[in-house]
Amino acid sequence: MADNVVYGTVEWYDKYQDAELEKVRYEQIKCSLDPRHDRRRRIGNLRLILPTSHIGDFIWTIYSECIVSDRVLNLFKDSGFSGFEARTSEIVRVRRLPKNERDTIPRIWELVTTGTAGDASPESGIRLLYRCPVCDYTRYSSFQEGIIVDAQQWDGTDFFTVKGYPSFTLIAERVKDLIVDHRLTNCAIIKATDLRWGKLPRPEEHPENFIPAEEGRPKTTCQLRTST
Ligand SMILES: [Zn+2]
């Protein structure tokens, strides 16, 4: 186990693996200014295909959606946790599951984080780099020393995110304690300030990758003068 991991083990990754999705429907978002802003938003519920016969308390999809079993959802609800919505989901297939174990497939829920801590603290290095005036596509800079939450902007929820990093689910200390106390599986926990960017390119060093070339530079350069 790496030093900075609060809870969890790398073996889980091989044991459980990421779930695939069946028949997902998306809504397309097109940008007339820059096709690189085109993106899609999922509509409808998740239908999962599990690649192994091991079913953890948590399940992650190939797109990093977070799924929990009925038991885990009830633990969260009974603890009075806030900042999430449970959406109906279902496991439609489990590869390599013996036929006589099919009735062990649990009821599951997609855990959608709704809590917010607004903008991350400037100390984290996270800031808005660009917002498209046409399609509202946004790009934020990388974090330098992990994600540092600005307590003034945190809404006090137990599950929350900061702007720019919607797939980084942040949890309050008491959620961590519950997960550790119940030894819930397939859910690694790391201190938000220990997150490291790694070798990925940093968006602030490559603004040309998402800011349309025309912007910030007049299409034709003219000189104003009193006479010709
Ligand atoms: Zn755009």
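In this report, the structure presented in the accompanying data block is examined. A quick note: this is a predicted structure, and the numbers were derived from the prediction, not measured.

### Quick notes on the packing of aromatic side chains
- Scanning the entire structure with this criterion turns up 15 aromatic pairs.
- When the ring of phenylalanine 58 is compared with that of tryptophan 60, the centres are 6.3 Å apart and the planes differ by 10°; the resulting orientation is stacked.
- Residue phenylalanine 58 is classed as buried on the basis of its relative accessible area of 3%.
- Accessibility expressed as a relative area gives 26% for tryptophan 60, which makes it partly exposed.
- Cluster of aromatic residues (ring-pair linked, three or more members): Phe58, Trp60, Phe76, Phe81, Phe84 and Phe159.
- Of note, arginine 40 hangs over the ring of tyrosine 26, and the distance from its end group to the ring centre comes to 3.7 Å.
- Over the aromatic face of tyrosine 63 sits the side chain of arginine 40, whose NZ or CZ is 5.7 Å from the ring centroid.

### Thoughts on the coordination of the zinc ion
- Looking at the zinc ion, one finds its protein donor set to be Cys31 (SG), His37 (ND1), Cys132 (SG) and Cys135 (SG), positioned 2.2 to 2.3 Å from the metal centre.
- Its four donor atoms give the zinc ion angles of 104 to 119° at the centre, a pattern that matches the tetrahedral case.
- All donors to the zinc ion come from one chain, and their sequence spacing reads C-x5-H-x94-C-x2-C. With a gap of 104 residues between them, cysteine 31 in the loop between strand E3 (25-29) and strand E4 (39-43) and cysteine 135 in the loop between strand E11 (128-131) and strand E12 (138-140) connect regions that are remote in the sequence. The exposure classification of cysteine 31 matches that of cysteine 135, with both residues buried.

### A closer look at the pattern of salt bridges
- This structure, assessed with the given rule, holds 16 salt bridges.
- With a closest N to O distance of 4.0 Å, arginine 107 and aspartate 70 form a salt bridge. Residue arginine 107 is found in the loop between strand E8 (84-94) and strand E9 (108-113), and its partner aspartate 70 is found in helix H2 (residues 70-78); the two are separated by 37 residues along the sequence.
- Accessibility expressed as a relative area gives 55% for arginine 107, which makes it exposed.
- With a shortest N-O distance of 3.7 Å, aspartate 136 and arginine 131 are connected by a salt bridge.
- Taking the relative accessible area as the measure of exposure, arginine 131 reaches 44% and is therefore partly exposed.
- Through salt bridges that share partners, Glu22, Arg47 and Glu90 make up one connected network.

### A few points about the sheet that holds strand E13 (residues 159-161)
- Spatial strand order, E10-E13-E14: three strands in an open sheet with mixed pairing. Here the strands that pair on one side only, and so sit at the sheet edges, are strand E10 (115-116) and strand E14 (170-171).
- Across two bridges, E10 lies against E13 in parallel orientation. Its bridge partner being in E13, threonine 116 is matched across the sheet by threonine 161.

Parameters at a glance
By convention here, each chain's residues receive numbers from 1 onward along its written sequence. With pLDDT at 70 or above as the cut-off, local features in this predicted model cover only qualifying residues; side-chain atom pairs require 80 or more to be listed or tallied, and sums for whole chains, interfaces and linings still use all residues. Water and hydrogen atoms play no part in the side-chain values, which are based on all heavy atoms of the structure. Each aromatic pair joins two rings of Phe, Tyr and Trp (for Trp, the six-membered one) with centres within 6.5 Å, and gets the label stacked for planes under 30 degrees apart, edge-to-face for over 60, and tilted for any other angle. Three exposure classes are used, based on accessible area relative to the maximum for each residue type with a 1.4 Å probe and protein chains only: buried under 20%, partly exposed in between, and exposed over 50%. Think of it as a cone above the ring: NZ of Lys or CZ of Arg counts as a charge over the ring if it is within 6 Å of the ring centre and within 35 degrees of the ring normal. Distances up to 2.8 Å from the metal define which N, O and S atoms are donors, and 3.2 Å serves for Na, K and Ca; water is absent from the atom set, so sites may look incomplete. The rule is simple: four donors are tetrahedral if all their angles sit between 85 and 135 degrees, four are square planar and six octahedral if opposite donors span more than 155 degrees and the others lie between 65 and 115, and anything that fits none of that is irregular. Secondary structure elements are taken from DSSP: a helix is a run of H or I of four residues or more, a strand is a run of E of two residues or more, and numbering for both begins at the N terminus. Between Lys or Arg on one side and Asp or Glu on the other, a salt bridge is scored when a side-chain nitrogen of the former is within 4 Å of a carboxyl oxygen of the latter. When DSSP locates at least two bridges between a pair of strands, those strands are taken to pair.

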